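# Coordinate inspection notes
So you can see what is in the structure, the chains are spelled out below.
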Amino acid sequence: MRSTGAIVLLVVVLLVGFAGCSGCGTYNSLVQQDEQVDGQWAEVENQYQRRSDLIEQVVSTVQGQADFESETLQNVIEARSQAQRVQLSDEDLKDPQAVERFQQAQTALGASVGSLLNVVREDYPELRANEGFLNLQSQIEGNENRIATARRDYNRAVTDLNARVRTFPTNLVAGFAGVGQRPQFEADAGTDQAPEISFD
């Protein structure tokens, strides 16, 4: 009888120990994934900052080399200023509305730069042919690709984390660890429609 009780106690202790080790492993991997999402977000911010820095150079180049329509430049400068004001803390990054405000500010900046480049293409052939301007334009286009890649990588990290946070029994450990679902970047309204292309 005594040996049976000892065996049952040993089995219970082993099960509790195994569950504890498993819980610690789950906790640690959730924290790592949460940090990975933060790291991917930092890369998104890095690419947006790079774009902001390039835009400053483009505006300076356009102002310096063309008798340029000031309203278009002012729109770019204001959009850049607004995009720089919308910053997200680690806590804000968990708030879908805060992420959406950030995304809207960045979208407005991208649209204003696109408008600037279109006006230059159409109305300022001498600037359009300038090697420095062409280099900046190429860098902006390349940076937009980097932004898209950084956002894609962020969304992948968020998808992986959100899937783990929602599955059982990981969701029990996630609540204890304070790790919750994160919002993803979503496509802007209307991007599901193909743009109209005109050669007029």
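In what follows, the structure referred to is the one given above.
First, a word on what this report is: a plain description of the structure on this page.

### What to know about the overall build of the protein chain
What the protein chain contains, in helices and strands, is six helices and zero strands. Moving toward the C terminus, one meets the helices and strands of the protein chain in the order α-α-α-α-α-α. Taking all 200 residues of the protein chain together, 33% fall into the buried category. Counting every atom, the protein chain has about 12,400 Å² of accessible surface; 52% of that belongs to carbon and sulfur.

### With respect to the pattern of salt bridges
A full pass over the atoms with the stated rule returns four salt bridges. Between D38 and R182 there is a salt bridge whose closest N-O contact spans 3.0 Å. Placement of D38 in helix α1 (residues 2-65) and of R182 in the segment after α6 (170-177) is noted, with a sequence separation of 144 residues between them. In this structure, the salt-bridge partner of R51 is E144, at a minimum N-O distance of 3.1 Å. With a gap of 93 residues between them, R51 in helix α1 and E144 in helix α5 (residues 131-166) connect regions that are remote in the sequence. The exposure class of R51 is buried, given its relative accessible area of 3%. Residue class for E144 comes out partly exposed when judged on its relative accessible area of 31%. The network of salt bridges with shared partners includes D34, D38 and R182.

### Remarks on the nonpolar core
When a protein is soluble and globular, its nonpolar side chains tend to lie buried together. Core analysis: the biggest nonpolar cluster contains 38 residues, and W41, V44, L88, F102, V113, Y154 and F185 have the highest contact counts within it. Elements with a minimum of two residues in this core: α1, α2 (70-85), α3 (96-123), α5 and α6. Apart from residues no more than four positions distant in its own chain, W41 is found in contact with L88, L93, F102, Y154 and F185.

### Overview of the side chain of Q47
In this structure, Q47 sits in helix α1. Of the residues examined, Q47 reaches a relative accessible area of 7% and is grouped as buried. Not counting the four nearest positions on each side in its chain, Q47 is found in contact with N143, R146, I147 and A150.

### Here's the deal with the environment of T149
Mapped onto the elements of the fold, T149 is located in helix α5. With relative accessibility at 33%, the residue T149 sits in the partly exposed group. Separated by 105 residues in the primary sequence, T149 and V44 place their C-alpha atoms 8.6 Å from one another.

### Description of α6
Where α6 is concerned, the buried positions are T170, V173 and A174. Projected down its long axis, α6 shows its buried positions confined to an angular sector of 105 degrees, all on one face. Of the exposed residues in α6, the ones pointing more than 90 degrees away from its buried face are L172, G175 and F176.

### Description of the packing of aromatic side chains
Going through the model one piece at a time under the given rule, you end up with three aromatic pairs. Each ring, one from Y48 and one from F102, has its centre 5.5 Å from the other, and the planes form 70 degrees; the classification is edge-to-face. Separated by 54 residues along the polypeptide, Y48 in helix α1 and F102 in helix α3 bring together distant segments of the chain. Exposure class is identical for Y48 and F102. Each is buried. Cluster of aromatic residues (ring-pair linked, three or more members): W41, Y48, F102 and Y154.

### Let's talk about the environment of A83
Looking at where A83 falls in the secondary structure, it is placed in helix α2. For the pair A83 and S52, spaced 31 residues apart in sequence, the C-alpha separation works out to 8.5 Å. If we skip the residues at most four places from it in the chain, A83 touches A105, Q106 and L109.

### A closer look at a nonpolar patch on the surface
Together, Y27, V31 and F176 line one region of the surface with nonpolar side chains, adding up to about 310 Å² of accessible area. Relative to the elements of secondary structure, V31 occurs in helix α1. For V31, a relative accessible area of 31% puts it in the partly exposed group.

Criteria and cut-off values
- Residues numbered from 1 in each chain as written.
- Predicted model: local features only at pLDDT ≥ 70, side-chain atom pairs only at ≥ 80, totals over all residues.
- Heavy atoms only, no water.
- Helix = DSSP H or I, 4+ residues; strand = E, 2+ residues; numbered from the N terminus.
- Buried < 20%, exposed > 50% of the residue type's maximum accessible area, 1.4 Å probe, protein only.
- Areas by Shrake-Rupley, 256 points an atom, 1.4 Å probe, with all protein chains shown as cover.
- Salt bridge = Lys/Arg side-chain N within 4 Å of Asp/Glu carboxyl O.
- Core = buried A, V, L, I, M, F, W, Y, C linked by side-chain atoms within 4.5 Å.
- Contact = heavy atoms within 4.5 Å.
- Arc of directions from axis to C-beta.
- Phe/Tyr/Trp six-rings, centres within 6.5 Å; stacked < 30°, edge-to-face > 60°.
- Patch = residues over 30% accessible without salt bridge, like charges linked within 9 Å, V, L, I, M, F, W, Y side chains within 5 Å.

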